[in-house]
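# Chains, contacts and geometry: an overview
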Amino acid sequence: PLADATLLGLRKIEGRNYNVKISTSEGLWLALHIGRSLDHFTNYQVMNQVRQLWPDCPLVPFAKKRMGCIVGLIHIRACVP
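Numbering of residues begins from 1 in every chain and follows the order in which that chain's sequence is written. It should be noted that, the model being predicted, local features are given only for residues of pLDDT at least 70 and side-chain atom pairs only at 80 or more, the latter also being counted only at that level, while totals for whole chains, interfaces and linings use all residues. Each side-chain value is derived from all of the structure's non-hydrogen atoms; neither hydrogens nor water enter the calculation.

### Some thoughts on the overall build of the protein chain
A tally of regular secondary structure across the protein chain gives 3 helices and 2 strands. Starting at the N terminus, helices and strands are each numbered in turn, a helix being any DSSP run of H or I of at least four residues and a strand any DSSP run of E of at least two. For the protein chain, the α and β elements follow one another from N to C terminus as α-β-α-α-β. Across its three principal axes, the protein chain shows a C-alpha extent of roughly 40 × 25 × 20 Å. The buried share among the 81 residues of the protein chain stands at 22%. Considering only intrachain contacts with a sequence separation of at least 6, the fraction spanning at least 24 residues in the protein chain is 79%. A 1.4 Å probe rolled over the protein chains alone gives each residue an accessible area, and that area as a share of the maximum for its type sets the label: buried under 20%, exposed over 50%, partly exposed in between. Note on contacts: a residue pair qualifies if any of its non-hydrogen atoms lie within 4.5 Å across the two residues.

### Considerations on a nonpolar patch on the surface
Patch definition: residues with relative accessible area over 30% and no salt bridge; like charges joined within 9 Å; nonpolar side chains (Val, Leu, Ile, Met, Phe, Trp, Tyr) joined within 5 Å. All accessibility values rest on the Shrake-Rupley procedure with a 1.4 Å probe; residue burial counts only the protein chains present in the view. Any Lys or Arg side-chain nitrogen found within 4 Å of a carboxyl oxygen on Asp or Glu counts as a salt bridge. Together, Leu-8, Leu-10 and Leu-53 line one region of the surface with nonpolar side chains, adding up to about 250 Å² of accessible area. Mapped onto the fold, Leu-53 is located in helix 3 (residues 44–53).

### Quick word on the pattern of salt bridges
Enumeration according to the criterion identifies 1 salt bridge in this entry. A salt bridge links Arg-11 to Glu-14; its shortest N-O distance comes to 2.6 Å.

### Structural notes on the state of the cysteines
Note on disulfides: each one is a pair of cysteine sulfur atoms within 2.5 Å. As enumerated under the stated definition, the model contains 0 disulfides in all. Cys-57 takes part in no disulfide bond, and the closest cysteine sulfur, belonging to Cys-69, lies 18 Å away. Judged by relative accessible area, Cys-57 falls into the buried class, the value being 5%.

### Observations concerning the nonpolar core
Soluble globular proteins: nonpolar side chains tend toward being buried together. As used here, the term nonpolar core means buried Ala, Val, Leu, Ile, Met, Phe, Trp, Tyr and Cys residues forming a set that is joined through side-chain atoms within 4.5 Å. Residues Ala-5, Val-46, Met-47, Val-50, Trp-54 and Cys-57 constitute the largest nonpolar core, which totals 6 residues. Residue contributions to this core peak at 3 residues, all from helix 3. Those residues in contact with Val-50 that lie beyond four places of it in its chain are Pro-1, Leu-2 and Cys-57.

### Let's talk about the environment of Thr-6
As for its position among the elements, Thr-6 is in helix 1 (residues 2–7). The buried category is assigned to Thr-6, whose relative accessible area is 18%. Taking the C-alpha atoms as reference points, Thr-6 and Ala-78, separated by 72 residues in sequence, lie 16 Å from one another. Excluding anything up to four places from it in sequence, Thr-6 contacts Arg-11, Leu-32 and Ile-74.

Purely spatial values, then, with no claim about function.
Pasting the structure below:
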């Protein structure tokens, strides 16, 4: 659900435990990948955050065949610690 919310423009901040190096003022384009795990759908805390942004989020992935695939591109403008 997190990748789909990002692609729909509903989720604008991504949290990681590492910094993404952005060497230009124009930002950085990255491929967005959907994992193969359904763990996010059973994690109440994650799904609660997703549903605050996207109340109509489906209970299962849009299409299971998309799992494990690159589904779009995202543009990163800044990385903050």
